[in-house]
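Structural overview for review
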Amino acid sequence: MAWEPRETTGYWWLWVVAGISWIIISVVILQFDEASVRTVGVIIGLMFLLAGIQNLALAGAPVPLRWVWVCFGLLFVAAGLVCLANPEDTFAALADILGFLFLLVGVWWMVRAFLEWAFNPLWWLGLVAGILMSVLAFWTAGQFFIEKAYILLVFAGIWALMEGIGDIGRAFAVRGLHRAG
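As a starting point, this report considers the structure included with it. No experiment lies behind these values; they were computed from the predicted model shown.

Structural notes on the pattern of salt bridges
Counted by the stated rule, this structure contains three salt bridges. Of the charged contacts, one joins R170 and E116 as a salt bridge, the two residues approaching to 2.5 Å between their closest N and O atoms. Here R170 is found in helix α7 (residues 145–180), whereas its partner E116 is found in the loop between α5 (87–115) and α6 (123–141), with 54 residues between them in sequence. Each member of the pair, R170 as well as E116, carries the same accessibility label: buried. Residues D167 and R170 are paired through a salt bridge, measuring 2.6 Å at the closest nitrogen-oxygen approach.

As structure tokens, this is what we get:
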């Protein structure tokens, strides 16, 4: 089956909806001043699930390199399920591997930026966000356990905000392709 860009670009508005959703999530997360360990685990788990579902939905679209979207979607869903399985007991492990999880997100953003290079003039925005998330991942890995609950919330809010801005930018790039096609 050949990829039909016109068919795919007709759904550009879904990127806007996803972007607005991510921005709302970021505002909600950044409103927490003191969060429990359970709350942090649940929020991070839901964010990973949302990112995984979004990538798996995109893998269902007629786009090239679907397997890349599927792989990252499954990784994000697995991370979300681990976080939600038992947030209290998994918080310590999550805090210890937080740097790795954020690195996973940063690498995906960089890969996605290069996948979108051909049709998205704002592809570099995803690349910059991926590099920043990767730097934050290494910085997070060196923090103390007690501080990680707050760092988790702040970075989760930053992650959601960057994802939302990226999705909205992507929506208008795809909309431009749709109108041109």
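Observations concerning the packing of aromatic side chains
For the structure shown, the criterion picks out nine aromatic pairs. Through a chain of ring-to-ring contacts, the aromatic side chains of W22, F48, W69, F72, F76, F102, W108 and W159 assemble into a single cluster. Above the plane of the ring of W12 lies R175, whose end atom (NZ or CZ) is 5.2 Å from the centre.

Describing the side chain of E163
Along the chain, E163 turns up in helix α7. Residues in contact with E163, not counting those within four places in the same chain, are W22, Q54, W109 and R112.

Section: the environment of T9
Residue placement: T9 occurs in helix α1 (residues 5–9). Take T9: its relative accessible area is 7%, and that puts it in the buried class. Sequence separation of T9 and A173 is 164 residues, and the distance between their C-alpha atoms is 9.4 Å. Apart from the residues lying within four places of it in its own chain, the contact partners of T9 are V174, L177 and H178.

Structural notes on the nonpolar core
Membership of the largest hydrophobic core comes to 39 residues, with the highest contact counts inside it found for M47, F48, F76 and W159. Elements that contribute at least two residues to this core include exactly α2 (12–30), α3 (37–59), α4 (66–85), α5, α6 and α7. No other element matches the nine residues that α7 contributes to this core.

Observations regarding the environment of W13
Structurally, the position occupied by W13 is in helix α2. Among the residues examined, W13 registers a relative accessible area of 42% and is labelled partly exposed. Along the sequence, W13 and A171 sit 158 residues apart, while their C-alpha atoms lie 6.3 Å from each other.

Some thoughts on α4
Taking 1.5 Å of rise per residue, the 20 residues of α4 would be expected to cover 28 Å, and the 28 Å separating its terminal C-alpha atoms lies within 8% of that figure. Taken residue by residue, α4 has V68, W69, F72, G73, F76, V77, A79, G80 and C83 as its buried positions. One side of α4 carries all its buried residues, which in axial view fall inside an arc of 160 degrees. Opposite the packed face of α4, turned more than 90 degrees from it, sit the exposed residues W67, L81, V82 and A85.

What about empty space enclosed by the protein?
For the structure on display, the rule yields one cavity of 30 Å³ or more. One number sums up the size of the largest cavity: a volume of about 60 Å³. Surrounding the largest cavity, E116, N120, L122, W123, L125, G126, G166, G169 and R170 form its lining. Looking at the lining of the largest cavity, the elements that each hand over two or more residues are α6 and α7. Along the lines of polarity and charge, the residues of the lining of the largest cavity split into three nonpolar, four polar and two charged.

Quick look at the layout of surface pockets
When its volume is computed, the second largest pocket comes out at roughly 150 Å³. In terms of lining, the second largest pocket is formed by W109, R112, L125, G126, V128, A129, L132, M162, E163, I165, G166 and R170. Per-class residue counts for the lining of the second largest pocket are seven nonpolar, two polar and three charged.

Thresholds applied
Residues numbered from 1 in each chain as written. Predicted model: local features only at pLDDT ≥ 70, side-chain atom pairs only at ≥ 80, totals over all residues. Heavy atoms only, no water. Salt bridge = Lys/Arg side-chain N within 4 Å of Asp/Glu carboxyl O. Helix = DSSP H or I, 4+ residues; strand = E, 2+ residues; numbered from the N terminus. Buried < 20%, exposed > 50% of the residue type's maximum accessible area, 1.4 Å probe, protein only. Phe/Tyr/Trp six-rings, centres within 6.5 Å; stacked < 30°, edge-to-face > 60°. Lys NZ or Arg CZ within 6 Å of the ring centre and 35° of its normal. Contact = heavy atoms within 4.5 Å. Core = buried A, V, L, I, M, F, W, Y, C linked by side-chain atoms within 4.5 Å. Expected span 1.5 Å × (residues − 1). Arc of directions from axis to C-beta. 1 Å grid on protein atoms, 1.4 Å probe; cavity = no way out; pocket = protein on both sides within 12 Å on 5 of 7 lines; lining within 4 Å. Points joined across faces, edges and corners; volume = space filled by probe spheres on them. Nonpolar A, V, L, I, M, F, W, Y, C, P; charged D, E, K, R; others polar.

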